Amino acid sequence: MTAAAVEPPVRSFRPLAGVLTATAVSITGTRVSAVALPWFVLATTGSATMTGLVAFAEMAPYVLVKALTGPVVDRLGPRAVSWTTDAVSAAAAGLVPLLHARGLLPFGVLLVMVAVIGAMRGPGDLAKSVMVPEAADHARVPLERATGLSGVTERLASTIGPAAGGGLVALLGPLAGLAVNAATFALGSLIIAVALPRGLGRPVAVGGSVGGRVDGSAAPSATGEEQDGGYWRMFREGFTFLRSEPLLLAVIVMLGVTNLLDAGFSTVLVPVWARESGHGPAAIGLTAGVMGATAVVGSLIAAAVASRLPRRTVFFVGFLLCGAPRFLVLALGAPMWVVLTVFAIGGFGSGFLNPILGAVLFERVPRRLLGRVHALGDSLAWVGIPLGGLVAGASVALFGLIPSLLAAGGVYFATTSLAGLRSEWREMDRLRGHAGGAAADGPSPADAEREPAAARR
């Protein structure tokens, strides 16, 4: 049994509001860039393959660095990691339009700048996510509600970002969108560094301790093995715990496939569809904006009632709505109002996914391991994202847009339908509302492996 998290002496919503605001600012800029950067590459090179290569250059470092920085986030503290990585991302993103204006941005240099941004975004995104359960402790709100609010924030930013990006690119060109991305990274860094109260996002493992509690008292001392452990021991501890959780592994495998397909869809297939259909860059922002708007509605409903809904059923219905239909409607050449309707329905379904996934993760993972396990889980689930643009670009070049859309949609449907037949998905509701997994201290992965599954509460 894990110890319950210690409540802060005074209830405060400031930490949760600060983390969510910084997350919203960062995601908004990233989504603006997600429209501006592919269009910039398409406009300057005319190549879907090179567009996919740029997406690979950003996401490969994102996934790799994120996987390896879980122990760093736990040791240095998510707050310090978040503001420093956002500051570096702001500098790298700002150099892209500056160098292009001076004629100093050959394709190789662009790849380097994009790779730096991706490498910094990985630990930055991880750090903000890790602070959510601690901020929820300060606000004294249920974990599902906190993750629901986080989902609403992400969806709202994902709505505003593409819409703003599409408008900026259409009116001022793609470089304006890239400049906005740099500004949002800088603002997000400032919010985390200045606006959050002292004590939030402290290290979990420094000087032989497994971390401080939210009320400022010292956490229990670490074992001698933990005190002597370095980076690789911390990394291995997170990996051992993750390997002992069949549900988390099942989630990772399914998300790995769908993320690959989603990455190819958003970075290559939709921009190529927008160009070939004559709708232009505004259509990219419009479709993403409509989907994001209804996702906000879905997330709001999830935040309010998710604790009373059957997670497994809602999870797979959500994927059924937001997955394959998007690919099919573009492949059929449907009129714009039909495309927007399908994207709107899909967005509503997708709004329920992240609150459920976040609550499951925070319930099952001890707080002291959260950075490591979260980093490994996210990175494994995202491992296909760097390849998504490359695969989609190569597929369009070899077979054309419509066959690529149909094939990707078919794989998406099979993955999100057949996965639900496996027995481990029944575990999604077993630890509902349990706070032990998110506690500041808990059993080691070795202890967890020795316990029967039913005893790991």
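Look up a bit, the structure's there.
Residues numbered from 1 in each chain as written. Predicted model: local features only at pLDDT ≥ 70, side-chain atom pairs only at ≥ 80, totals over all residues. Heavy atoms only, no water.

### Things to note about the overall build of the protein
Then, in step 1: When you go through the protein residue by residue, the secondary structure sums to 19 helices and 0 strands.
Then, in step 2: Looking at the protein residue by residue over its 457 residues, the buried ones come to 57%.
Then, in step 3: Contacts in the protein between residues far apart in sequence, at least 24 positions, make up 89% of those at least 6 positions apart.
Then, in step 4: As displayed, the protein offers around 17800 Å² of accessible surface, 69% of which is attributable to carbon and sulfur atoms. (Helix = DSSP H or I, 4+ residues; strand = E, 2+ residues; numbered from the N terminus. Buried < 20%, exposed > 50% of the residue type's maximum accessible area, 1.4 Å probe, protein only. Contact = heavy atoms within 4.5 Å. Areas by Shrake-Rupley, 256 points an atom, 1.4 Å probe, with all protein chains shown as cover.)

### Observations regarding the packing of aromatic side chains
Then, in step 1: Inspection of the entire model under this criterion finds 8 aromatic pairs.
Then, in step 2: Relative to Phe316, the ring of Phe315 has its centre 5.2 Å away and its plane inclined at 90°; by these criteria the two rings are edge-to-face.
Then, in step 3: In this structure Phe315 comes out as buried when scored by relative accessible area, which is 0%.
Then, in step 4: An angle of 75° between the planes, with centres 5.4 Å apart, marks the rings of Phe348 and Phe352 as edge-to-face.
Then, in step 5: On the basis of relative accessibility, which here comes to 31%, the residue Phe348 falls in the partly exposed class.
Then, in step 6: Of the residues examined, Phe352 reaches a relative accessible area of 11% and is grouped as buried.
Then, in step 7: Taken together through their ring pairs, the aromatic side chains of Phe265, Phe315, Phe316, Phe319, Phe327, Phe343 and Tyr412 make up a single cluster.
Then, in step 8: When the ring centre of Trp382 is taken as origin, the NZ or CZ atom of Lys66, which lies over that ring, is 5.1 Å away. (Phe/Tyr/Trp six-rings, centres within 6.5 Å; stacked < 30°, edge-to-face > 60°. Lys NZ or Arg CZ within 6 Å of the ring centre and 35° of its normal.)

### Describing the pattern of salt bridges
Then, in step 1: This model, assessed by the stated rule, comprises 5 salt bridges.
Then, in step 2: Lys128 is the salt-bridge partner of Asp86, the closest N and O atoms lying 2.9 Å from each other. Residue Asp86 is located in helix α4 (residues 78–101), and its partner Lys128 is located in helix α5 (residues 107–139); the two are separated by 42 residues in the primary sequence.
Then, in step 3: Overall, the relative accessible area of 2% leaves Asp86 in the buried class.
Then, in step 4: Judged by relative accessible area, which is 3%, Lys128 ranks as buried.
Then, in step 5: For the salt bridge of Asp125 with Arg121, the shortest nitrogen-to-oxygen distance reads 3.8 Å. Within this pair, Asp125 and its partner Arg121 are both found in helix α5, separated by 4 residues, close to a single helical turn.
Then, in step 6: In this structure Arg121 comes out as buried when scored by relative accessible area, which is 8%. (Salt bridge = Lys/Arg side-chain N within 4 Å of Asp/Glu carboxyl O.)

### Some remarks on helix α17 (residues 385–399)
The α-helix winds at 3.6 residues per turn, so residues separated by three or four positions along the chain end up facing the same way.
Then, in step 1: Under the 1.5 Å per step criterion, the end-to-end length of α17 is 21 Å for 15 residues, consistent within 8% with the ideal 21 Å.
Then, in step 2: If you follow the buried residues of α17, they end up packed against α2 (48–68), α10 (246–277) and α18 (401–418).
Then, in step 3: Just downstream of α17, Gly400 is the residue with a positive phi angle, here 100°. (Expected span 1.5 Å × (residues − 1).)

### Brief notes about helix α13 (residues 324–331)
Then, in step 1: Counting buried positions along α13 gives 6 out of 8 residues, so the element sits mostly inside the fold.
Then, in step 2: Here α13 has its buried residues at Ala324, Arg326, Phe327, Val329, Leu330 and Ala331.
Then, in step 3: Along its buried surface, α13 packs onto α10, α11 (281–305), α12 (311–322), α14 (336–350) and α18.
Then, in step 4: At the exit of α13 stands Gly333, carrying a positive phi of roughly 65°.

Take it as geometry only, folks, not as evidence of what the structure does.
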